[in-house]
Amino acid sequence: MAAIVTRFPPSPTGYLHIGGARTAIFNWLYARRHGGKFILRIEDTDLVRSTEASVKAILDAMEWLELDWDEGPFYQTERLEVYQEYLEKLVAGGHAYYCDCDPEDLDRRRQAAMAAGGKPKYDGRCRDRGLGPGPNRVVRFRCPLAGETVLNDLIKGPIVFNNAELDDLVLQKSDGIPTYNFAVVIDDVTMGINLIIRGDDHVNNTPRQILIYQALGAPLPRFAHVPMILGEDRARLSKRHGATSVMVYKEMGFLPEALVNYLVRLGWSHGDQEIFSREEMIANFSLEHIGKAAGVFNPDKLLWLNAHYLKERDPAALVPLLRPFLHQRGYSERPDDYLARAIATLQPRCQTLVEMADAIRYYLVDEVDYDPAAAAKFLRPETLSTIARMQAVLADLDPFDEARMEQAFRSVAEELGVKLGKIAQPVRVALTGVTASPGLFEVIDVLGRKTVLERLGKALDFIKAQARS
Ligand code: GLU
């Protein structure tokens, strides 16, 4: 069998939707699984809706997801001569013809046909007029009037279409621009695409495309139409259900490996395994295990996977990913190794980089701000002596490490005849401003002696000031 060639051909009329991303991932995985090629093509023939900004947004998202392509990006608008060449072949072979029907008149004829109980399809007026090229003329495909076209879909099984139901579709508009169904076939033929995995919203286009392949005498690729992604209410996933743009997930603090893992599993399975490394996905991906039923998008599961990958990553590798979120929040710059140590304490506690950027605050600010409820409960005259005692003990602690720290807290608790928590909570609030944080000794270790002593001193001043007022 020839080497596998797959493709992803987005239309640059907006951001990369997560449904599109899943299609891209499936095509990419299949190519990688079989040592084939994955081609990226930009279908920009809709001159009004296609934008440079969308092209960039799509390429950025592909790069963020690490879906590398072997060829392209090819732009359809740069391939107009190729389409023209094939168009002329089709016309010369009698498979296509020029049509000068006036759009408004066509519309009237369509309405009349429908009113008479007929189909709203092109009535074939120009089929046999033998027109040549000229202004305001489109080129139509001469669709067989009888017979059937079968789509042997790898996921859905055979689907039979009645040719009589299909239209003499327009291949080239009067401005010389090819339509989607024509350009896509010419590209897939000339780029040697032999497997097309795409959303099942294209199922109805496929018989038209198959007829064009046949008219060209070109071998058919295999087709696999993947069910759409639905929202929890079973309606097609849209903004109403939450973010649908890949890059918005980046902004929300998701890791690309979490989104890729989530999207792959949404529609494909390998036993009940949920977590896949890239290597595992590539090694196990197969079309047989793409589900026939639509996947329902579950934001909680995506969050769970993100939390998993956030825990797994080396803290040093998270530093550059977290930094943009820290800049957004206006925190002052810190060296990489300091951030990595702070991140390591937060990894088990955060589900997204956004949560982490919020949680890391007390490691980065010059002065902690106290949560009012936490301060009211733990920074009070009764805790003054405890905090003062811990300040003295920590000032002399040598070495200033977690093991020694734990001993010091325990001996102060014993000395004051209280439980460890009675000492730990006021100190925690003094250092972080909040009552829930990573392990106190870890926090102290990251902050370092100087900052810890300053913050304990500031808490003592705060308690005294409160007592005076
Ligand atoms: N440009 C089309 C789309 O974005 C491609 C469909 C196809 O894969 O043929 O829907």
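Computed from a predicted structure; not experimentally measured.

Engineer: Can you help me understand the sheet that holds strand E2 (residues 37-42) in this one?
Structural biologist: Within a sheet, adjacent strands bond to each other through the backbone by hydrogen bonds, running parallel or antiparallel. Pairing is parallel in the open sheet, where 3 strands are placed in the order E1-E2-E3. The two strands at the open ends of the sheet, each matched to only one other strand, are strand E1 (5-8) and strand E3 (71-75). Across this sheet, the average inter-strand angle for adjacent strands is 25 degrees, counted without regard to direction. One ladder, built from 3 bridges, connects E2 with E3; its direction is parallel. Within the sheet, the bridge partner assigned to Ile39 lies in E3 and is Glu71. Packed onto the sheet, helix H2 (residues 52-64) meets E1, E2 and E3 and runs at close to 160 degrees relative to E2.

Engineer: Is there a simple way to explain the site of the ligand in this structure?
Structural biologist: Around the ligand, the neighbouring residues are Arg7, Pro9, Pro10, Ser11, Glu43, Tyr180, Val184, Arg198 and His202. Within the side chain of Arg7, a nitrogen or oxygen atom sits 2.7 Å from an oxygen atom of the ligand. A distance of 2.8 Å separates a nitrogen atom of the ligand from a polar atom in the side chain of Ser11. The class makeup of the residues in the shell around the ligand is 4 nonpolar, 2 polar and 3 charged.

Engineer: Help me understand the side chain of Arg127 in this model?
Structural biologist: Within the fold, Arg127 resides in the loop between helix H4 (103-115) and strand E5 (138-141). A distance of 2.5 Å separates a polar atom in the side chain of Arg127 from the backbone oxygen of Cys143. What Arg127 contacts, discounting residues up to four positions off in sequence, is Tyr97, Arg142, Cys143, Leu145 and Asp168.

Engineer: Would you explain the pairing of strand E7 (residues 157-162) in this entry?
Structural biologist: Along any regular strand, the residues point their side chains to alternate faces of the sheet. Sheet analysis places strand E6 (residues 148-153) next to E7, joined by 6 bridges and oriented antiparallel. For Leu151, the partnering residue across the bridge sits in E7 and is Ile159. What sits between E6 and E7 in their antiparallel hairpin is a turn of 3 residues.

Engineer: For this particular structure, what's the right way to read the sheet that holds E5?
Structural biologist: Within the open sheet, the 3 strands sit side by side as E4-E5-E8. Their pairing is antiparallel. Where the open sheet ends on each side, the last strands, each with one partner, are strand E4 (96-99) and strand E8 (170-172). Pairwise comparison of adjacent strand axes, ignoring direction, gives a mean angle of 45 degrees for this sheet.

Engineer: Can you help me understand the environment of Phe325 in this one?
Structural biologist: Mapped onto the elements of the fold, Phe325 is located in helix H11 (residues 315-328). Each C-alpha atom, one on Phe325 and one on Gly253, is 8.4 Å from the other, the two residues being 72 residues apart in sequence. Beyond its immediate stretch of four places on either side in the chain, Phe325 contacts Lys250, Glu251, Gly253, Leu353, Val354 and Ala357.

Engineer: Any chance you could explain the packing of helix H5 (residues 180-190) against helix H6 (residues 206-216) here in plain terms?
Structural biologist: Between two packed helices, what matters for the description is the angle formed by their axes and the separation of those axes. The N-to-C vectors of H5 and H6 enclose an angle of 50 degrees; their axes lie 10 Å apart at closest approach. It follows from the interaxial angle that H5 and H6 lie oblique. Seen from above, H5 lies across H6 with right-handed handedness. Contact residues: H5 offers Tyr180, Asn181, Phe182, Val184, Val185, Ile186, Asp188 and Val189, while H6 offers Arg208, Gln209, Ile212, Tyr213 and Leu216.

Engineer: Please explain the pairing of strand E9 (residues 195-199) as it appears in this structure.
Structural biologist: With 5 of 5 residues buried, E9 is to be regarded as a mostly interior element. Bridge count between E9 and strand E10 (residues 222-226): 5 bridges; the pairing is parallel. Its bridge partner lying in E10, Gly199 is registered against Val226. The parallel pair E9 and E10, bridged by H6, forms a crossover whose chirality is right-handed.

Engineer: In this structure, what is going on with the nonpolar core? I would like to understand it.
Structural biologist: As a rule of thumb, nonpolar side chains are buried together in soluble globular proteins. The biggest cluster of nonpolar side chains holds 107 residues, and the ones touching the most others in it are Val246, Ile360, Tyr363, Leu394 and Phe409. Among the elements that take part in this core, helix H19 (residues 440-468) stands out by supplying 11 residues, more than any other. Not counting residues up to four positions away in its chain, the partners in contact with Ile360 are Leu322, Leu326, Tyr331, Leu339, Ala342, Ile343 and Leu346. Within the second largest apolar cluster, 40 residues are counted, among which are Val138, Phe161, Ala218 and Phe223.

Engineer: Is there a simple way to think about the side chain of Ser54 in this case?
Structural biologist: Within the secondary structure layout, Ser54 lies in helix H2. The class of Ser54 is buried, set by a relative accessible area of 9%. For Ser54, the side chain forms a polar contact with the side chain of Thr51, separated by 2.7 Å. Once residues within four sequence positions are removed from consideration, Ser54 is found in contact with Pro12, Thr13 and Gly14.

Engineer: Looking at this model, I keep getting lost on unusual backbone geometry. Mind explaining?
Structural biologist: Of the consecutive residues Gly72 and Pro73, the connecting peptide bond is found in the cis state with omega at 0 degrees. When you line up the elements, Pro73 lands in strand E3. Cis geometry is found at the peptide bond from Asp398 to Pro399, where omega equals -5 degrees. Assignment of secondary structure puts Pro399 in the loop between helix H16 (384-396) and helix H17 (402-416). Backbone geometry places Arg234, a non-glycine residue, at a positive phi of 70 degrees. Here Arg234 lies in the loop between strand E11 (229-230) and helix H7 (246-251). According to the relative accessible area criterion, Arg234 is exposed, its value standing at 55%.

Procedures and definitions
Residues numbered from 1 in each chain as written. Predicted model: local features only at pLDDT ≥ 70, side-chain atom pairs only at ≥ 80, totals over all residues. Heavy atoms only, no water. Pairing = 2+ DSSP bridges. Helix = DSSP H or I, 4+ residues; strand = E, 2+ residues; numbered from the N terminus. Axes fitted to C-alpha atoms, helices over the stretch in contact; angles between N-to-C directions. Contact = heavy atoms within 4.5 Å. Near = heavy atom within 4 Å. Polar contact = N/O pair within 3.5 Å; in protein donor to acceptor, adjacent residues only side chain to side chain. Nonpolar A, V, L, I, M, F, W, Y, C, P; charged D, E, K, R; others polar. Parallel < 35°, antiparallel > 145°, perpendicular 65-115°, else oblique. Left-handed = near helix turned anticlockwise from the far one by under 90°. Buried < 20%, exposed > 50% of the residue type's maximum accessible area, 1.4 Å probe, protein only. Right-handed = clockwise from strand over helix to strand, strands pointing away. Core = buried A, V, L, I, M, F, W, Y, C linked by side-chain atoms within 4.5 Å.

Don't take any of this as a statement about function, it's just geometry.
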